[in-house]
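So you can see what is in the structure, the chains are spelled out below.
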Amino acid sequence: MEKARVDSWIWAVRITKTRSAATTACKAGHVRVNGERAKPAQPIGPGDEVRVRQHGFDRIVVVTGIILKRTSAAEAAKHFEDRTPPRLPKEEAGFVPVRDPGAGRPSKRERRDLEKLRGY
C-alpha cells in the first residue's frame, strides 16, 4: 500500500494553504489520525480518518487516495471523502456575551446578569 506524510497530504488536498502551515498544525496538536495526535511525518494511507482543527471547528476527512503534489481543487477532492458535519447557522448557535476591551471588571449588577444568562 502507498503511504504519505500527513502534513504533505493535508497540504496537497488543500486543507491547509501552505506546507509549513500543515506542519505547524501537526506540531500544535491540531491534526489527529484515527483519533491519535499526529506528528508531521506520520504516514497515512487509504482508509485513515484525519481530523484537522481549523478556526475552532474540526474538519473530518477519510483518505481515499494518496496524493503528493498539490493539484487543482477538483483533482484533490478525488483523494478524500469529507465527513465534516454541517455547521449550525448563527441564529441557532447561541448568543455569547462579549464585553468591550478595556471595560474593566463587571459591576455586581453586570456579574449577576451574566450568571443569570449562563444559568448559574
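Residues numbered from 1 in each chain as written. Predicted model: local features only at pLDDT ≥ 70, side-chain atom pairs only at ≥ 80, totals over all residues. Heavy atoms only, no water.

A word on the pattern of salt bridges
Link 1 in the chain: Evaluated as defined, the whole model comprises nine salt bridges.
Link 2 in the chain: The closest approach of N and O atoms between Arg 5 and Asp 7, which form a salt bridge, is 3.1 Å.
Link 3 in the chain: Several salt bridges share partner residues, and in doing so they unite Glu 49, Arg 51, Arg 53 and Asp 58 into one network. (Salt bridge = Lys/Arg side-chain N within 4 Å of Asp/Glu carboxyl O.)

What to know about the packing of aromatic side chains
Link 1 in the chain: Summed over the entire model, instances satisfying the criterion amount to one aromatic pair.
Link 2 in the chain: Plain terms: the ring middles of Trp 9 and Phe 80 are 6.4 Å apart, the flat faces sit at 85° to each other, and that makes the pair edge-to-face. Taken together, the positions of Trp 9 in helix 1 (residues 6-12) and Phe 80 in strand 7 (residues 80-82) put the pair 71 residues apart, joining distant regions of the chain. In this structure, Trp 9 and Phe 80 share a single accessibility class: buried. (Phe/Tyr/Trp six-rings, centres within 6.5 Å; stacked < 30°, edge-to-face > 60°. Helix = DSSP H or I, 4+ residues; strand = E, 2+ residues; numbered from the N terminus. Buried < 20%, exposed > 50% of the residue type's maximum accessible area, 1.4 Å probe, protein only.)

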